[in-house]
Every structure is written in structure tokens, then in C-alpha cells.
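# Architecture and fold: a report
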Amino acid sequence: MSSSEKMAEYWKANLRLLMICLVIWFVVSFGFGIILVGPLNSIMLGGYPLGFWFAQQGSIYTFLALIFFYAWRMNQLDRQFDVHED
């Protein structure tokens, strides 16, 4: 595999990971916090309606988890494609 093909594969894997993270973030913040807030509010979490919880805190926790997941996964991809820092 040539260097340009390797970099193209690396970029493709990076974009795939980025799109997965963005879709998860969109579903949790917009989907659960806005669109599905009505049905989710029938479920209680710690004394608060679940839809309210996602709108106020759940999307933030999910975003933080996605940041750590993205960093961890990108380190793996960097090692896999031999573009990691020593």
C-alpha cells in the first residue's frame, strides 16, 4: 500500500469515527432533549423526568464521554496507520 493510499484510508477512518460521534451527540442532545422529551418525561431518573435530565445534563455527560472515546480511538488509529507521536 502506497503512502497516499495509506493516508486516504487513515482519513476515511477518521471521518467515519467523527460521523459516528456526531450522530450519537445529535441523537442524545437534539433527539432525547428536544424531540422525544414528551415520552421520556414519563420516566423518572433521580426524581427528575428523563427528558428534562437529557436536556440539562445527559447531553453534557454524553459529550464528555464522546470526547474521551474519540481521543482513545484516534490514538488507536494513529498507531494502526503509524502516524502516532512518540
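Residues numbered from 1 in each chain as written. Predicted model: local features only at pLDDT ≥ 70, side-chain atom pairs only at ≥ 80, totals over all residues. Heavy atoms only, no water.

### Some remarks on a nonpolar patch on the surface
On the surface, a nonpolar cluster with roughly 1200 Å² of combined accessible area is contributed by Trp 11, Leu 15, Leu 18, Met 19, Leu 22, Trp 25, Ile 60, Tyr 61, Phe 63, Leu 64, Ile 67 and Phe 68. Contributions of two or more residues to the nonpolar patch are made by helix 1 (3–35) and helix 3 (50–80). The partly exposed category is assigned to Trp 25, whose relative accessible area is 35%. (Patch = residues over 30% accessible without salt bridge, like charges linked within 9 Å, V, L, I, M, F, W, Y side chains within 5 Å. Areas by Shrake-Rupley, 256 points an atom, 1.4 Å probe, with all protein chains shown as cover. Salt bridge = Lys/Arg side-chain N within 4 Å of Asp/Glu carboxyl O. Helix = DSSP H or I, 4+ residues; strand = E, 2+ residues; numbered from the N terminus. Buried < 20%, exposed > 50% of the residue type's maximum accessible area, 1.4 Å probe, protein only.)

### Topic: the side chain of Asp 78
Structurally, the position occupied by Asp 78 is in helix 3. For the buried Asp 78, no salt bridge exists, and the shortest N-O distance to an oppositely charged side chain is 8.0 Å, to Arg 79. If we ignore the near neighbours within four places in the chain, the residues touching Asp 78 are Tyr 10, Val 83 and His 84. (Lys, Arg positive; Asp, Glu negative; His and termini not counted. Contact = heavy atoms within 4.5 Å.)

### As for unusual backbone geometry
Here the phi dihedral of Asp 82 falls at roughly 55 degrees; this positive angle occurs in a residue that is not glycine. Turning to its location among the elements, Asp 82 is positioned in the segment after helix 3.

### Considerations on the nonpolar core
Grouped together as the largest cluster of nonpolar side chains are eight residues: Tyr 10, Ala 13, Leu 17, Cys 21, Leu 66, Met 74, Leu 77 and Phe 81. Contributions of two or more residues to this core are made by helix 1 and helix 3. Examining the composition of this core, we find that four residues originate from one element, helix 1, more than from any other. Apart from the residues within four sequence positions on either side, Leu 77 is in contact with Tyr 10, Ala 13, Asn 14 and Leu 17. (Core = buried A, V, L, I, M, F, W, Y, C linked by side-chain atoms within 4.5 Å.)

### A closer look at the environment of Leu 18
Locating Leu 18 in the fold gives a position in helix 1. In this structure the C-alpha to C-alpha distance between Leu 18 and Met 74, which are 56 residues apart in sequence, comes to 9.7 Å.

### A closer look at helix 1
The end-to-end C-alpha distance of helix 1, which contains 33 residues, comes to 45 Å, matching closely the 48 Å that a straight helix rising 1.5 Å per residue would cover. Of all the positions in helix 1, only Tyr 10, Ala 13, Asn 14, Leu 17, Cys 21, Val 28, Gly 31 and Gly 33 are classed as buried. Its buried side turned inward, helix 1 meets helix 2 (37–40) and helix 3. (Expected span 1.5 Å × (residues − 1).)

### A closer look at the environment of Pro 49
Along the polypeptide, Pro 49 turns up in strand 2 (residues 48–49). Overall, the relative accessible area of 26% leaves Pro 49 in the partly exposed class. Residues Pro 49 and Gly 38, spaced 11 residues apart in sequence, show a C-alpha to C-alpha distance of 9.4 Å. When neighbours within four sequence positions are excluded, Pro 49 is seen to be in contact with Leu 40, Asn 41, Ile 43 and Met 44.

Purely geometric numbers; function is a separate question.
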